[in-house]
Amino acid sequence: DQQVKQNSPSLSVQEGRISILNCDYTNSMFDYFLWYKKYPAEGPTFLISISSIKDKNEDGRFTVFLNKSAKHLSLHIVPSQPGDSAVYFCAANYFGNEKLTFGTGTRLTIIP
Amino acid sequence: DTGVSQDPRHKITKRGQNVTFRCDPISEHNRLYWYRQTLGQGPEFLTYFQNEAQLEKSRLLSDRFSAERPKGSFSTLEIQRTEQGDSAMYLCASRPWGGDTQYFGPGTRLTVL
């Protein structure tokens, strides 16, 4: 039972353009969402998060949008840079639950 | 401020052997987590400590797995009688009291031959 889904295994984007990574969830209890970036042979690095009381959160080039009615969130990276090439994981949990539930990841490749 | 550290980074063992991994969380993070990641999947939760108390264990954590955090600082994860299906990346994360974000270490990659 995949409660967090990332339906695009891979995405290629030209350098300087916008990268949009998508994530869907099924558990209505989820109220906190995170995006992690992972390079090969390294652990996930925290990028940005959003609470369900918001629908948008920005941090520099990264913006996360949350659509609670559609149970959908997206990560926008503008402008995309070669160093952004990595696997991106969406994760979710809810108040009182310590366990993060992850999606299967999207491999982003930025083309110079 | 150093991040979460894990040791070793890589471990190759033969089926049936025991292995032990260590995790040092970020200083003063009272919550510590273990996850496992296999190829093509996201990390999956194994267990969680608040200080020295192990408060939650996943069904993934069979009786061959044991985790400890004896003094509420570093933690160890032991796998007894390893099987080829145990081959994975084992990730440790920590979170401070009052914080929402789990910060991950570099992981230990286990290969069981």
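Please read these numbers as outputs of a predicted model, since none were measured by experiment.

Undergrad: Would you mind showing me how to read the nonpolar core here?
TA: The tendency in soluble globular proteins is for nonpolar side chains to be buried as a group. In terms of nonpolar packing, the biggest core is built from 23 residues, with Phe 33, Trp 35, Leu 73, Leu 75 and Tyr 88 of chain A touching the most fellow members. At the level of elements, β3 (19–25), β4 (32–38), β5 (45–51), β7 (62–67), β8 (72–77), β9 (86–93) and β11 (106–111) of chain A are the ones that each hand at least two residues to this core. When residues of this core are assigned to their parent elements, the largest contribution, four residues, is made by β9 of chain A. Setting aside chain neighbours within four positions, we find Tyr 88 of chain A in contact with Gln 6, Leu 21, Trp 35, Tyr 36, Lys 37, Leu 47, Leu 75, Ile 77, Gly 105, Thr 106 and Leu 108 of chain A. Membership of the second largest hydrophobic core comes to 19 residues, among which are Phe 21, Leu 46, Phe 65 and Val 112 of chain B.

Undergrad: Can you help me understand the sheet that holds strand β1 (residues 5–7) of chain B in this one?
TA: All names here are of chain B. Judged by pairing direction, the sheet is antiparallel, and its four strands sit side by side in the order β1-β3-β8-β7 without closing on themselves. The sheet is open, and its two edges are formed by β1 and β7 (65–68), each paired on a single side. Recorded for the sheet is a direction-independent mean angle of 15° between the axes of neighbouring strands. Sheet analysis places β1 next to strand β3 (residues 19–24), joined by three bridges and oriented antiparallel. Bridge pairing links Ser 5 to Asp 24 in β3.

Undergrad: Can you walk me through the environment of Thr 109 of chain A in this structure?
TA: All names here are of chain A. Within the secondary structure, Thr 109 is located in strand β11. Thr 109 sits 24 residues away from Ser 85 along the chain, and the two C-alpha atoms are 4.7 Å apart. Once you skip the residues sitting within four places of it in the chain, Thr 109 turns out to touch Leu 11, Ser 12, Val 13 and Ser 85.

Undergrad: What is the right way to read the pattern of salt bridges from this model?
TA: Side-chain pairing between opposite charges can occur once the charged atoms of the two side chains come close. Applying the stated criterion across every chain, the model contains seven salt bridges over all chains. Here Arg 31 of chain B ties to Glu 98 of chain A by a salt bridge, and the two come within 2.9 Å at their closest N and O atoms. Here Arg 31 of chain B, found in strand β4 (residues 31–37), pairs with Glu 98 of chain A, found in the loop between β9 and β10 (101–102), and the two come from separate chains. Each member of the pair, Arg 31 of chain B as well as Glu 98 of chain A, is classed as buried. The residue Glu 83 of chain B makes a salt bridge to Arg 64 of chain B at a minimum N-O spacing of 3.4 Å. Placement of Glu 83 of chain B in the loop between β8 (75–79) and β9 (88–95) and of Arg 64 of chain B in the loop between β6 (53–57) and β7 is noted, with a sequence separation of 19 residues between them. Since its relative accessible area comes to 42%, Glu 83 of chain B is described here as partly exposed. Assessed through its relative accessible area of 9%, Arg 64 of chain B is described here as buried. One network of salt bridges, with partners in common, ties together Glu 98 of chain A together with Arg 31 and Arg 95 of chain B.

Scoring rules and cut-offs
Residues numbered from 1 in each chain as written. Chains lettered and ligands numbered in written order. Predicted model: local features only at pLDDT ≥ 70, side-chain atom pairs only at ≥ 80, totals over all residues. Heavy atoms only, no water. Core = buried A, V, L, I, M, F, W, Y, C linked by side-chain atoms within 4.5 Å. Buried < 20%, exposed > 50% of the residue type's maximum accessible area, 1.4 Å probe, protein only. Helix = DSSP H or I, 4+ residues; strand = E, 2+ residues; numbered from the N terminus. Contact = heavy atoms within 4.5 Å. Pairing = 2+ DSSP bridges. Axes fitted to C-alpha atoms, helices over the stretch in contact; angles between N-to-C directions. Salt bridge = Lys/Arg side-chain N within 4 Å of Asp/Glu carboxyl O.

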